[in-house]
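Here is what each chain is made of, one letter per residue.
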Amino acid sequence: IKQNGLKEIDASTDVKSLNEIRVQLLGKKGPITQALRGISKLPVEERPVVGSFANTIRDELATAITTKQTELENAKLNAKLAEEKLDVTLPGNQVALGHPHVIQQIIDEIEDIFIGMGYQVLSGPEVEEDHYNFEMMNLPKDHPARDMQDTFYITKEILMRTHTSPMQARSLEKHDFSKGPLKMISPGVVFRRDTDDPTHSHQFHQVEGIMIDKHITMADLKGTLETMTHKLFGDKFKVRLRPSYFPFTEPSVEADITCMNCGGKGCDVCKGSGWIEVLGAGMVHPNVLKMAGVDPKEYGGFAFGVGPDRFAMLKYGVNDIRDFYLDDLRFLSQFD
Ligand code: PHE
């Protein structure tokens, strides 16, 4: 029994068959259990001899099974480990990393500059009320200057904002002047019913800015715009203000900066003048302050709206604004 048993144990190749062998050899119906049961039928003096012999064989077989079982389990574990082995020195798969869109990069830079000057950054709704986009900006329903901004209407009272200026009114309404001046910029997308061409897009970006306190002058406006220009492009760039008209500022100006990428002379973007228009600005109209609940006799200041798309075209010599909106990665990934 012992020899056969050991042979069988040795030959078994998995834990399951080993278990079957265990039941066969050592189980209730196995030969050893049977032999031990039969002891009572033996003469008294033979019982201890046969009993201890049977016990020894049972123990030897049990030990052999346990040893074999450990062996089989180890072999299985090693096989599994070998199969799952990772070579951490193999080169990984290249993951394509994205990056902020070039316009967003410019907006981020503008935000940093103004945060550095103590401004807060707010964002406003792109789907805006006529009330904020026009009326609160001193453009009543019949105002001829509404035609300056070809508007996508959603309903009679709801529209796609044509500029970020409604954020002037929204921030003025909310601001608590007992806590200090209002200094805020608000970047975002705006929409106009323009036909797309190299210099027009029906969707583009603006960064609105407003600063309201006591004793703010146009010199503060010019200084602020100069600081922004110098930090964005470098100290050699000049800012020029030209008289203009907006219903929500009085006086109103358009600001040019000296053209880059063409040595200050002429190029496609600057149309030969050596200057390029980059923003509209002015001193906030008393009506705008009044409508937002601010007393124009006590408070006043400037506002401006800059075009980051223009800045990006200038900075990188891009001649077609539509390139920014066509999602062509060959173009966009240049600005990593
Ligand atoms: N909202 C104006 C535009 O879209 C720009 C502007 C902003 C002008 C603030 C003056 C003051 O053209």
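Residues numbered from 1 in each chain as written. Predicted model: local features only at pLDDT ≥ 70, side-chain atom pairs only at ≥ 80, totals over all residues. Heavy atoms only, no water.

In the nomenclature of an unreviewed UniProt entry, the protein chain is known as Phenylalanine--tRNA ligase alpha subunit of Fructilactobacillus sanfranciscensis. Quoted verbatim from the Subunit (unreviewed entry) heading of the UniProt record, the comment on the protein chain is "Tetramer of two alpha and two beta subunits." The UniProt entry for the protein chain carries this comment under Subcellular location (unreviewed entry): "Cytoplasm". (UniProt positions renumbered as here; feature names shortened; annotations may be inferred.)

(A) Expanded view of the nonpolar core. By size, the foremost hydrophobic cluster in this structure holds 40 residues, and its most contacted members are Leu279, Phe304, Phe311 and Phe324. Breaking this core down by element, the ones donating at least two residues are α5 (102-116), β5 (203-213), α8 (218-233), β7 (249-258), β8 (275-284), β9 (300-306), α10 (308-316) and α11 (329-332). When near neighbours in sequence (up to four residues on either side) are disregarded, Phe311 contacts Ile106, Ile110, Met228, Leu232, Phe233, Ile257, Val278 and Val306. One finds Phe134, Leu139, Ala169 and Phe246 within the second-largest nonpolar core, a separate group that totals 24 residues. (Core = buried A, V, L, I, M, F, W, Y, C linked by side-chain atoms within 4.5 Å. Buried < 20%, exposed > 50% of the residue type's maximum accessible area, 1.4 Å probe, protein only. Helix = DSSP H or I, 4+ residues; strand = E, 2+ residues; numbered from the N terminus. Contact = heavy atoms within 4.5 Å.)

(B) Representation of the packing of helix α2 (residues 15-26) against helix α3 (residues 31-38). Between α2 and α3, whose axes approach to 5 Å, the crossing angle comes to 15 degrees. Regarding the angle of α2 to α3, the classification is roughly parallel. Seen from α2, the contacting residues are Gln24, Leu25 and Leu26; seen from α3, they are Pro31, Ile32 and Thr33. Of the residues belonging to the contact of α2 with α3, the class tally is 4 nonpolar, 2 polar and no charged. (Axes fitted to C-alpha atoms, helices over the stretch in contact; angles between N-to-C directions. Parallel < 35°, antiparallel > 145°, perpendicular 65-115°, else oblique. Nonpolar A, V, L, I, M, F, W, Y, C, P; charged D, E, K, R; others polar.)

(C) Representation of the UniProt feature "binding site: Mg(2+)" (unreviewed entry) in the protein chain in the model. Sites flagged by UniProt as "binding site: Mg(2+)" (unreviewed entry) map to Glu250. Relative to the elements of secondary structure, Glu250 occurs in strand β7. Looking at Glu250, the relative accessible area reads 48%, which means it is partly exposed. Not counting the four nearest positions on each side in its chain, Glu250 is found in contact with Met283 and His285.

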